[in-house]
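Chain and residue survey
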Amino acid sequence: MSVRKIRAPALGTLTFLMLAAAQAARAAESCPALLNHTFPRLQDESPMPLCELRGKVVLVVNTASFCGYTRQYDGLEKLHERLKDRGLVVLGFPSNDFGQQEPGTNQEVAEFCRSTYGVRFPMVAKSSVAGPAANPFFRQLIRATGDLPRWNFHKYLIDRSGSLVLSFPSEVEPDSPLLLTAIERLLAVVP
C-alpha cells in the first residue's frame, strides 16, 4: 500500500474548497426552505432571492390591477411603510389567474402600481399563483396552510423563521384588526 503525498498548495486548495463547501451548506441552511426561491423583480426583472427576506415577517399578496380589491394597494403600501422598520415586508405577486384582471406586461403593471398607488414595496414579475401552473413558492404556501388563493389579493403571512404561515382571504383588508393583530404578534417575536 502506498501513501501519496499531497503538496502544500494542493492541501491549501483542498482545505479552502472544503471550507467553502461547508460555508455554502450553512448559508443554504440559514435560508428557510419556504423562502428558498428566486423570482425576477417586477420593475427590471433582475433576480430577487426571497432568502433576502429571512428574519422578516412577510405578507405575501397575489395582486391584480383591474380587480375590485385593487384599491388594497393603498393600504398595503401604508402598512409596509409603517411597519418596515420593525421587520414587516409586503411582497406582491401580480397574477392574471383570476378573471384575467392582470393582462398587462410587467412594465405596465409596475407603472400602474407606482403612479396610481405609490407602491414601493417589493413586487415580483407576473406569475401564476393557482392551479397546476402555480409557481413553486405559492404551491408551498398552499401546502403549508391548506388554503388556495380563490381570488386576487389573497394574503399569506409568514413568520420570521419561515415556519409558520397564516392565510387570509381577499376580503381581509390591509387595515383589518384580524390581520393587524396577527402581524403584531409575529413582529413581537424577535429571533
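Coordinates for the structure precede this section.
Everything in this summary refers to the structure shown in the same document. Numbering of residues begins from 1 in every chain and follows the order in which that chain's sequence is written. Residues qualify for local features only when their pLDDT is at least 70, as the model is predicted, and side-chain atom pairs are given and counted only at 80 or more; totals for whole chains, interfaces and linings, by contrast, use all residues. Note that the side-chain values use all heavy atoms of the structure and ignore hydrogens as well as water.

A closer look at the sheet that holds strand 5 (residues 155-158)
Through backbone hydrogen bonds, the strands of a sheet pair up, either in parallel or in antiparallel fashion. When DSSP finds two or more bridges between a pair of strands, those strands are recorded as paired. Elements are defined by DSSP. Helices are runs of H or I of four residues or more, strands are runs of E of two residues or more, and each kind is numbered from the N terminus. In space, the 4 strands of this open sheet follow the order 4-3-5-6, with mixed pairing throughout. Strands with a single pairing partner mark the edges of an open sheet, and in this sheet they are strand 4 (88-94) and strand 6 (165-168). Across the sheet, the mean angle separating the axes of adjacent strands is 20° when strand polarity is ignored. Examined bridge by bridge, strand 3 (residues 57-63) and strand 5 share 4 bridges and lie antiparallel to one another. Bridged to Val61 within strand 5 is Lys155. Note on definitions: a residue-residue contact is assigned when non-hydrogen atoms from the two residues lie within 4.5 Å. To obtain an axis, a line is fitted to C-alpha atoms, over the contacting stretch when the element is a helix, and the angle between two such axes runs from 0 to 180 degrees between their N-to-C directions. Along the sheet, helix 5 (residues 177-188) contacts strand 3, strand 4, strand 5 and strand 6; its crossing angle with strand 5, the most-contacted strand, is approximately 20°.

Quick word on the state of the cysteines
In this description, a disulfide is simply a cysteine sulfur pair whose atoms lie within 2.5 Å. Summed over all chains, the structure comprises 1 disulfide. The partner cysteine of Cys31 in its disulfide is Cys51, sulfur to sulfur 1.8 Å. Measuring handedness by torsion sign, the sulfur bridge of Cys31 and Cys51 sits at about -85° and is left-handed. Here Cys31, found in the loop between helix 1 (8-30) and strand 1 (38-40), pairs with Cys51, found in the loop between strand 2 (47-49) and strand 3; they are 20 residues apart in sequence, far enough to count as distant. For every residue, the accessible area obtained with a 1.4 Å probe (protein chains only) is divided by the maximum for its type, and the residue is called buried under 20%, exposed over 50%, and partly exposed between those limits. On the accessibility criterion, Cys31 (6% relative accessible area) is buried. Judged by its relative accessible area of 15%, Cys51 falls in the buried class.

Looking at the packing of aromatic side chains
Centres within 6.5 Å make a pair out of two Phe, Tyr or Trp rings, where for Trp the six-membered ring is used; the pair is then stacked when the planes are under 30 degrees apart, edge-to-face when over 60, and tilted otherwise. Per the stated rule, a full pass over the model turns up 12 aromatic pairs. Consider the rings of Phe93 and Phe138, whose centres lie 5.1 Å apart with planes at 70°: the pair is edge-to-face. With Phe93 in strand 4 and Phe138 in helix 4 (residues 136-145), this residue pair connects regions lying 45 residues apart in the sequence. Each of the two residues, Phe93 as well as Phe138, counts as buried.

A few points about the nonpolar core
Generally speaking, soluble globular proteins have nonpolar side chains that are buried together. Here the nonpolar core consists of buried residues drawn from Ala, Val, Leu, Ile, Met, Phe, Trp, Tyr and Cys, with membership extended through side-chain atoms lying within 4.5 Å. By size, the foremost hydrophobic cluster in this structure holds 25 residues, and its most contacted members are Leu59, Leu88, Leu157 and Ile183. The leading source of residues in this core is helix 5, at 5 residues. In this view, Leu157 contacts Val57, Val58, Leu59, Leu164, Val165, Leu166, Phe168, Ala182, Ile183 and Leu186; residues no more than four positions away in its chain are not counted. By size, the runner-up hydrophobic cluster in this structure holds 24 residues, among which are Phe39, Leu50, Phe138 and Val165.

Focus on the pairing of strand 6
Pairing of strand 5 with strand 6 involves 4 bridges; the strand directions are antiparallel. Opposite Leu157, over in strand 6, you have Leu166 as the bridge partner. In this structure, the hairpin formed by strand 5 and strand 6 is closed by a connection of 6 residues, where Gly162 is found at a positive phi of approximately 75°.

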